[in-house]
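What follows is each chain in one-letter form.
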Amino acid sequence: MRPPISAQHLAPLPVPAVRKSPARPLPMLRPAFLLLAAAVCLLPVLGYQLYAPGLGSGFFFDDYPNLSGLAHVSDLHSAIAFITEPKGGPLGRPVALASFLLNTPSWEVAPADFIHTNICLHLLNALLLMWCALRVQRLRGDTGLRAHWLALAVAALWMAQPLLVSTNLMIVQRMTTLALTFSLLGTLGYLKGLELLAARRVRAGYATLSASVVLGTVLAVFSKENGALLPLLLLVLQATLLQRTVAPLGAAYKKWTLVFLGLPALCILGYILKLLPNLAGAYSTRDFTWQERVLTEPRIVLRYLSLLLMPRRALIGPFQDDFPVSTGLLQPATTLAALLLIAGLIASALWLRRRAPVYAFAVLWFFAGHLLESTIIPLELYFEHRNYLPAIGPVVAIAALALRRSSTVGSAAGASAQPAPARRGGLLGPALLVVYGALVATVCHAVAAVQGDKLTSAMVWHQEHPESVRATENLALAYAMMGNYHAAGEAMARFADAHPQDLGVGMQALQLSCFTGQAGARIAQYKAHPERITTGRLNGIICDALDKTAKIIMQDACPGLSRADFYWLGNEILKNKHIATGREVGYCANDALAMLYFDERDFAATMQHVEAAFSYRTYLPVAERLVEIPISAGRFDLARQNLELMRAKTPKNIFQAKIWNDSITAHEKLIDRLEKSAHAPASQPASQP
């Protein structure tokens, strides 16, 4: 029999004391997170301070041919005409041109406004890059504080790269900046799509992936053509840093990759191969052959890489067209070494992409980014802005290497748990990174300060590159903007005399000689050696020089250079052996001759050269002159005939076609009204009382 339950049996059992752990602070309130947040907020502020000395950089020669249409923008119609005019490149770059409308009131009067916008876009790109880097780290399984610091370091180092200063301080290079903006936005969407796939949201994932790649690539391409590299660069990203992320996604993702990344990348290679049969003709206006370009570019690309890793102000500047050309594998000897080194880097990156994905990413991203502009396409040899996108690769490698063993940076609250030696070792990488970043920022500030002083920078660059035609032109422009036309003329004359084969420099020297009193002597030299004109190298600089020279002559302000001299000069240029490939020069020469003949009221000669100009370039302004000049002469029959010619040449671009059709309609109405007015009976005079 069980004993009865007493009251003591009903008493509560003693509860063992529980040792309470101290309350853990909320993640966003930890000191490390607060420090990180402050650093992120300071990033654009510090970036703007680095670039602020460059606000005085001013306009450069390339700005005028690409952006001069801003002077005619006054309403929506003229704005669309500016955006859709195909001058910036093969695809017209309408997205980038649209961005310049923000600064329309500042054209030719306030270049600092354009540069301010450029700098802000660069800072936006730095923040987008940081966001991309953070998303990549999360997809790789790194969700700690180290991922945030790594993303910040990548953005800061890239933002402060001295080699990118000229990209942001040269106004027209906003095209390059915007191409990267849309590439980064496309990359962000691609990474978001991968996150959705990892969360088993398949439809939303593939929709996000597809839309991001397509829209990002299209908008980037219509900013600048190298935006077409986005699919190839995403292939590099997923084959290196994200290989473990995409591996479990299966056959469906492989099919998506083939369609949306693989095929566009193959199209780029196909485009390059398609150029091969006609390369000789495409290089006829260059002073190097395509074979020499292929041999020279490896040396240039490795120089880019060395300046990204260890920037030196004396080797950085926008005018590098005096870089020595490789004429053979051993001429100079570094040519073969550069080819072998690049081949070795690419081969090692492919071989080590699983064991060393960061290294593989850095190498493959950098060289893939140079695929269009540093291979066989007939561009100039050396431009720093070509590194704006490729520079991301080496920067990621530097930041990842410095933070590789950073246990302190990677931990929010547990640093004290690490042994003291480990903590000291973990701080070494970040400390070195801070020192390196400070050195990079110092050089960046120095480069911006030089470029921000128009005359000083022009003199420095010309002294460092005396054989650079662009540096000489920039020096002459700086003198001319100060009103010192005599110094500008002397600078161009010296270079033209040393390089008689460069017709662009010669035409600029001729234009400036109107202000130095040497125009007669200079045109006499050309008449004594007409082969300098008929065999000289053509370039777009000739257009601006011919236009300005014709206008100076119309004002009778060029002693020693007569209208007859200019007519002879223009016709000799049209005899140049490269004129068939230098079609822009053919257009400009005819246009300048037509302008001068029209000033003399020579209707037949004017129409002859306007028609010839239209045969070289079907620009709307010259098409309208084909109609307006006959109207002014009362030749309505010829005006209607030219309207039909204009209608037959309507562009395929739907926006340009709309503008052309509106112009045709307006001119038809004008002709109808004038014809009606001409045939109306004259009013009878009132009878006299």
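A brief report on the enclosed structure follows. In this text the structure is predicted, and so the values were computed from the model without any measurement. (Residues numbered from 1 in each chain as written. Predicted model: local features only at pLDDT ≥ 70, side-chain atom pairs only at ≥ 80, totals over all residues. Heavy atoms only, no water.)

Digging into the packing of helix α17 (residues 357-369) against helix α18 (residues 392-402)
Logical step 1: Where α17 meets α18, the axes come as close as 7 Å, and the angle between the chain directions of the two elements is 160°. Comparing their axes, α18 and α17 come out roughly antiparallel. Remark: the crossing between α17 and α18 carries left-handed chirality. Contacts between α17 and α18 involve Val 358, Phe 361, Ala 362, Trp 365 and Phe 366 from the first element and Ile 392, Gly 393, Pro 394, Val 396, Ala 397 and Ala 400 from the second. (Axes fitted to C-alpha atoms, helices over the stretch in contact; angles between N-to-C directions. Helix = DSSP H or I, 4+ residues; strand = E, 2+ residues; numbered from the N terminus. Parallel < 35°, antiparallel > 145°, perpendicular 65-115°, else oblique. Left-handed = near helix turned anticlockwise from the far one by under 90°. Contact = heavy atoms within 4.5 Å.)

Considerations on the side chain of Ser 212
Logical step 1: In this fold, Ser 212 is placed in helix α10 (residues 202-221).
Logical step 2: Of the residues examined, Ser 212 reaches a relative accessible area of 13% and is grouped as buried.
Logical step 3: Other than its neighbours up to four places away in sequence, Ser 212 contacts Gly 186, Gly 189, Tyr 190 and Thr 217. (Buried < 20%, exposed > 50% of the residue type's maximum accessible area, 1.4 Å probe, protein only.)

Structural notes on helix α6 (residues 111-139)
Logical step 1: Its 29 residues give α6 an end-to-end C-alpha distance of 42 Å, which sits within 8% of 42 Å, the value for a rise of 1.5 Å per residue.
Logical step 2: Of all 29 residues that make up α6, 21 are buried, and the element is covered over most of its length.
Logical step 3: Looking at the residues trailing α6, positive phi occurs at Gly 141, about 95°. (Expected span 1.5 Å × (residues − 1).)

Considerations on the state of the cysteines
Logical step 1: Following the criterion strictly, the structure yields two disulfides and no others.
Logical step 2: Here Cys 514 pairs with Cys 558 through a disulfide, and the sulfurs are 2.0 Å apart. Between Cys 514 and Cys 558, the S-S dihedral sits near -75°, and the bridge is therefore left-handed. Taken together, the residues span a long stretch of sequence, with Cys 514 in helix α24 (residues 503-516) and Cys 558 in the loop between α27 (541-554) and α28 (563-574) at a distance of 44 residues. Across the pair, exposure class does not vary: Cys 514 and Cys 558 are buried alike.
Logical step 3: The disulfide partner of Cys 543 is Cys 588, and the gap between their sulfur atoms is 2.1 Å. Looking along the S-S bond of the Cys 543-Cys 588 disulfide, the torsion reads about 90°, which is the right-handed sense. Here the residue Cys 543 occupies a position in helix α27, and Cys 588 occupies one in helix α29 (residues 583-599), the gap between them amounting to 45 residues. There is no split in this pair, since Cys 543 and Cys 588 are both buried.
Logical step 4: With cysteine numbering restricted to those in disulfides and following the sequence, the protein has the pairing 1-3, 2-4.
Logical step 5: No disulfide involves Cys 444; its nearest neighbouring cysteine sulfur is the one of Cys 120, lying 15 Å away. (Disulfide = S-S within 2.5 Å.)

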